[in-house]
Amino acid sequence: MPRAIISPSVLASDFGQLTAECKRMIKGGAEWLHMDVMDGHFVPNITMGAPILSCVHKGVPGIFMDCHMMVAEPEKWVNDIADAGGALYCFHLEATAHPIALIDTIHGRNMKAGVAISPDTPSTAITDEIANAADMLLVMTVYPGRGGQKFLDRCVPKVAELRARFPDKDIEVDGGVGPKTIGVCADAGSNVIVAGTAIFGAQNPEAVIAELKDTVNTAQAKLAK
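Please read all numbers here as calculations on a predicted model, not as lab measurements.

A. Up close: the overall build of the protein. When helices and strands are tallied, the protein shows 9 helices and 8 strands. Here the C-alpha atoms of the protein give a radius of gyration of 16 Å, agreeing with the 17 Å that 2.2 N^0.38 yields for 225 residues. Each principal axis of the C-alpha atoms in the protein carries an extent, and together these give about 45 × 40 × 30 Å. Here the protein, with 225 residues, has 54% of them falling under the buried criterion. Residue pairs at least 24 apart in sequence account for 66% of intrachain contacts in the protein once pairs closer than 6 positions are excluded. Accessible surface, the protein: about 9500 Å² in total, of which carbon and sulfur atoms supply 54%. With 19 positive and 26 negative side-chain charges, the protein shows a spacing of 5 Å between the two charge centroids.

This is the structure we're talking about:
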C-alpha cells in the first residue's frame, strides 16, 4: 500500500494570505497542497488559475502543488500549470474524450497525472489502461465546484473497488473529509487525503493533520494483514 499523504485544500484558506497559509500547512505536517482550479464552465464557480499558482510556487520554495483541474478543456491548461510550477495535474475523466493522450501530455511536462471522477461517475469508468497510465486516482466525495459540502457516503465503495484493482496506486478522496469521515475513507483504501475546512478552520491544524495521517496508517496496517 502506498504511504499516507495529507493534502490540505487551499480553497478553505485565507486567499488574502495565500503563501503564508501554505507555509503554515507545510509547517504543520502537510506534504502536498491541494489547489482547486475551477473555470466556471465544468463547474459553476471560478477560483484560481496559473498566475496565482505561479506566485505561490515562488513564495513557497519546494511546494508540491496537487492541482485539481475542474475545467472543461483540461488539455488546454497543461502547459500553463506546468510553467506555474504544478507538480500533479489531476483532470476529470468526464471532461475529456482522450484521457490516455492527456496523461502522456502531462507526463511530457514532468508532472504527475491524476484522474478524477465525480460522484455520479462509476469507478469502473476508470479502465485498467487509464489507471495504469495515471499516477493517482481521485474519488470525489462531494460534487465538484464548491467547498464545505456534506460528505457523500455512497462514493466510498468506489474507493474500495479501485483499491482492490490497484493495490499500489495513490488513491485520493476529496470533499467533506475530516476527522469524522476519515475512517471510512481510510478503511476503503484511500491514502491521499484532501481536507479543507477541517484543517484550515481548526485551532490546531497540526493535530488534525496528524490524526488524519494516523488513521490512514492504522487502516493500511489492517489491510496489509
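Further notes follow.
B. Main features of the pattern of salt bridges. By the definition in use, this model includes 8 salt bridges. Linking arginine 24 and glutamate 21 is a salt bridge whose minimum nitrogen-to-oxygen distance equals 2.8 Å. With a gap of 3 residues between them, arginine 24 and glutamate 21 both fall in helix H1 (residues 18–27), about one helical turn apart. In this structure, glutamate 31 and lysine 213 form a salt bridge, with 3.7 Å as the shortest nitrogen-oxygen distance.

C. Focus on the packing of aromatic side chains. Summed over the entire model, instances satisfying the criterion amount to 1 aromatic pair. Relative to phenylalanine 64, the ring of tryptophan 32 has its centre 4.4 Å away and its plane inclined at 15°; by these criteria the two rings are stacked. Of this pair, tryptophan 32 sits in the loop between H1 and strand E2 (33–38) while phenylalanine 64 sits in the loop between helix H2 (50–59) and strand E3 (65–70), and the two are 32 residues apart along the sequence. The class of tryptophan 32 is buried, set by a relative accessible area of 4%.

Definitions and limits used
Residues numbered from 1 in each chain as written. Predicted model: local features only at pLDDT ≥ 70, side-chain atom pairs only at ≥ 80, totals over all residues. Heavy atoms only, no water. Helix = DSSP H or I, 4+ residues; strand = E, 2+ residues; numbered from the N terminus. Rg over C-alpha atoms; globule rule 2.2 N^0.38 Å. Buried < 20%, exposed > 50% of the residue type's maximum accessible area, 1.4 Å probe, protein only. Contact = heavy atoms within 4.5 Å. Areas by Shrake-Rupley, 256 points an atom, 1.4 Å probe, with all protein chains shown as cover. Lys, Arg positive; Asp, Glu negative; His and termini not counted. Charge placed at Lys NZ, Arg CZ, Asp CG, Glu CD. Salt bridge = Lys/Arg side-chain N within 4 Å of Asp/Glu carboxyl O. Phe/Tyr/Trp six-rings, centres within 6.5 Å; stacked < 30°, edge-to-face > 60°.

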